[in-house]
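Listed here are the chains, written in short residue letters.
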Amino acid sequence: MAGCCGALGALLFEYDTPRIVLIRSRKVGLMNRGVQLLILAYVIGWVFVWEKGYQETDSVVSSVTTKAKGVAVTNSSTLGFRVWDVADYVVPAQEENSLFIMTNMIVTVNQTQGTCPEIPDHSTVCESDADCVAGSMGTHSNGVQTGRCVPFNGSLMTCEVAAWCPVEDDTHVPRPAFLRAAENFTVLVKNNIWYPKFNFSKRNILPNISTAHLKSCVYDAHTDPFCPIFRLGSIVERAGHSFTDMAQEGGIMGVQINWDCNLDRAAAHCLPRYSFRRLDNRDLDHNVSPGYNFRFAKYYRDAAGHEQRTLIKAYGIRVDIIVFGKVPALKVVLACPVKMGRALPAFHRPPLASQSSLLHSRAGWEVQHHPHHDQRWLRLGAARGGE
């Protein structure tokens, strides 16, 4: 018991400190300083210069609104002479970070609720009522079969359906595109960005852009790279695609706005950079269900009060606005001392290379005393005539 208490007391009430040995050797000293210089070069060159350890970054927070402008004129057997403005071809009127412009369409006018022959395909062509199943409806049906086989035209019979009649026939997509004049429509993109960590905000309509200039400018990568108004045809062409082809079956375009800035510089140097790409992959060797389309209807009542609608299968170009960016900025005052503080221990640890040199040189060690201080040092190379 007494032995345990003694050991515990020795453990609690003792203090030790390492003893420093001063080694005087050009070889070991140069090796030690060389390793320290390498550590210093790493801290300055890699941590601070290359990795920019004195900076911190933030990701962009963004909001986008869009506005299209342009007028088109058509003259067709279905709709007659018609002028199209932005309220006709932008559907819906507003989307989040996106805009759809109709460029082609299949229009079915004056539809009413009733019964009519279904569009011919392998499941609807019939010869008698026995070929039609009342109440049947497939995934691609326009309505519910009544069980009757009725003439579709002079030579073909199909199963009758209860539906909005006449049913839509989308077998043939109009070529060229119905609204091919959409190539010259313009899209205004208004983008506001904010870096919350640095409380920095800006918008893509720069301070030097006047109202008069905004009404007349159109984006050009060389002559007007900061104009936020884009010609629809140019967006497609700058992505390396043909507007004529894309307008027929539709597609999805991306307008990318890059806000990579350095907030250590003046805010005037933080400028948007625009790029363009097609987002829906088009593989000519596997061209199943290409493009982009959807349906919508306009409802009304005739003079007798009967409900009718005009069904439109709209093909068009959806423009997605994609905003991204990061900013580095000088960190708070303590950031640099923290980085240096983490590197300092490396300067005080005995470099392994120096220790290895000492172990290989221990045959020439000579311990010497300072005449006036309690200090010892090792002198290397005494047995070999000194260094």
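This text follows the structure it describes.
Residues numbered from 1 in each chain as written. Predicted model: local features only at pLDDT ≥ 70, side-chain atom pairs only at ≥ 80, totals over all residues. Heavy atoms only, no water.

Caption draft 1: Expanded view of the overall build of the chain. Secondary structure assignment for the chain yields 8 helices and 18 strands. The burial tally for the chain puts 35% of its 387 residues in the buried class. Pairs at least 24 residues apart make up 67% of the contacts formed inside the chain by residues separated by at least 6 positions. (Helix = DSSP H or I, 4+ residues; strand = E, 2+ residues; numbered from the N terminus. Buried < 20%, exposed > 50% of the residue type's maximum accessible area, 1.4 Å probe, protein only. Contact = heavy atoms within 4.5 Å.)

Caption draft 2: Looking closely at the state of the cysteines. Applying the stated criterion across every chain yields a total of 5 disulfides. There is a disulfide in this structure between Cys 126 and Cys 149, and the S-S distance comes to 2.0 Å. Given an S-S torsion of about 95°, the disulfide between Cys 126 and Cys 149 has right-handed geometry. Of this pair, Cys 126 sits in the loop between strand E6 (98-117) and strand E7 (144-151) while Cys 149 sits in strand E7, and the two are 23 residues apart along the sequence. Neither Cys 126 nor Cys 149 differs from the other in exposure class; each is buried. (Disulfide = S-S within 2.5 Å.)

Caption draft 3: Up close: the pattern of salt bridges. Applying the stated rule across the entire model yields 10 salt bridges. Across the pair Arg 318 and Asp 320 runs a salt bridge whose closest N-O atoms are separated by 2.9 Å. Through salt bridges that share partners, Glu 168, Asp 170, Arg 295 and Lys 313 make up one connected network. (Salt bridge = Lys/Arg side-chain N within 4 Å of Asp/Glu carboxyl O.)

Caption draft 4: Structural detail: the side chain of Gln 256. Take Gln 256: it is sitting in strand E12 (residues 251-258). Sequence-distant contacts of Gln 256, defined by excluding residues within four places in its chain, comprise Arg 273, Tyr 274, Ser 275, Arg 277, Ile 322 and Phe 324.

Caption draft 5: Highlighting the nonpolar core. Ile 101 and Met 102 are the most contacted members of the largest nonpolar core, which totals 48 residues. Broken down by secondary-structure element, the contributors of at least two residues to this core are strand E3 (61-69), E6, strand E9 (186-195), helix H5 (232-238), helix H6 (243-249), E12, strand E13 (273-278) and strand E15 (307-324). With 6 residues, E15 is the single largest residue contributor to this core. Dropping the residues within four chain positions of it, Ile 101 is found in contact with Ala 68, Tyr 89, Val 90, Ala 182, Phe 185, Val 187, Leu 232, Gly 316 and Ile 317. With 6 residues, the next largest nonpolar core counts Cys 116, Ile 119, Ala 163 and Cys 165 among its residues. (Core = buried A, V, L, I, M, F, W, Y, C linked by side-chain atoms within 4.5 Å.)

Caption draft 6: The arrangement of the packing of aromatic side chains in detail. The final tally for this structure, using the stated rule, is 12 aromatic pairs. Relative to Phe 296, the ring of Phe 294 has its centre 6.3 Å away and its plane inclined at 40°; by these criteria the two rings are tilted. In this structure Phe 296 comes out as buried when scored by relative accessible area, which is 16%. One Lys or Arg, Arg 82, reaches over the ring of Trp 84 and ends 4.4 Å from the middle of that ring. Lying across the ring of Tyr 292, Arg 318 places its NZ or CZ 5.4 Å from the centre. (Phe/Tyr/Trp six-rings, centres within 6.5 Å; stacked < 30°, edge-to-face > 60°. Lys NZ or Arg CZ within 6 Å of the ring centre and 35° of its normal.)

Caption draft 7: Up close: the environment of Val 71. Assignment of secondary structure puts Val 71 in the loop between E3 and strand E4 (72-76). Spatially, the C-alpha atom of Val 71 lies 7.1 Å from that of Val 86, the residues being 15 residues apart in sequence.

Caption draft 8: Spotlight on empty space enclosed by the protein. A complete count under the given rule lists 1 cavity of 30 Å³ or more for this structure. The computed volume of the largest cavity comes to approximately 40 Å³. As for the largest cavity, its lining consists of Tyr 219, Phe 230, Arg 231, Ser 234, Ile 235, Arg 238 and Phe 276. Looking at the lining of the largest cavity, the elements with two or more residues in it are strand E11 (229-231) and H5. In terms of residue count, H5 provides more of the lining of the largest cavity than any other element does, 3 residues in total. (1 Å grid on protein atoms, 1.4 Å probe; cavity = no way out; pocket = protein on both sides within 12 Å on 5 of 7 lines; lining within 4 Å. Points joined across faces, edges and corners; volume = space filled by probe spheres on them.)

Caption draft 9: Summary view of the environment of Phe 243. Mapped onto the elements of the fold, Phe 243 is located in helix H6. You can call Phe 243 buried: its relative accessible area is 4%. On a C-alpha basis, the gap between Phe 243 and Gly 233 in space is 5.8 Å, while along the polypeptide they are 10 residues apart. Leave out the neighbours within four places in its chain, and Phe 243 touches Thr 103, Arg 180, Ala 182, Glu 183, Leu 232, Gly 233, Val 236 and Ile 317.

Caption draft 10: Structural context of a positive patch on the surface. Judged by side-chain charge, Lys 67, Lys 69, Lys 190, Arg 203 and Lys 215 come together as a positively charged surface patch. Locating Lys 69 in the fold gives a position in strand E3. Take Lys 69: its relative accessible area is 55%, and that puts it in the exposed class. (Patch = residues over 30% accessible without salt bridge, like charges linked within 9 Å, V, L, I, M, F, W, Y side chains within 5 Å. Areas by Shrake-Rupley, 256 points an atom, 1.4 Å probe, with all protein chains shown as cover. Lys, Arg positive; Asp, Glu negative; His and termini not counted. Charge placed at Lys NZ, Arg CZ, Asp CG, Glu CD.)

Caption draft 11: Quick look at the environment of Arg 203. Looking at the secondary structure, you find Arg 203 in strand E10 (residues 200-203). With relative accessibility at 43%, the residue Arg 203 sits in the partly exposed group. Remark: the alpha-carbon pair of Arg 203 and Val 64, spanning 139 residues in sequence, is separated by 9.8 Å. Contact partners of Arg 203, with chain neighbours within four places excluded, come to Asn 191, Asn 192 and Trp 259.

Caption draft 12: Examining the side chain of Glu 249 more closely. Inspection of the secondary structure puts Glu 249 in helix H6. For Glu 249, a relative accessible area of 17% puts it in the buried group. In terms of polar contacts, Glu 249 uses its side chain to reach the side chain of Arg 175, at 3.2 Å. (Polar contact = N/O pair within 3.5 Å; in protein donor to acceptor, adjacent residues only side chain to side chain.)

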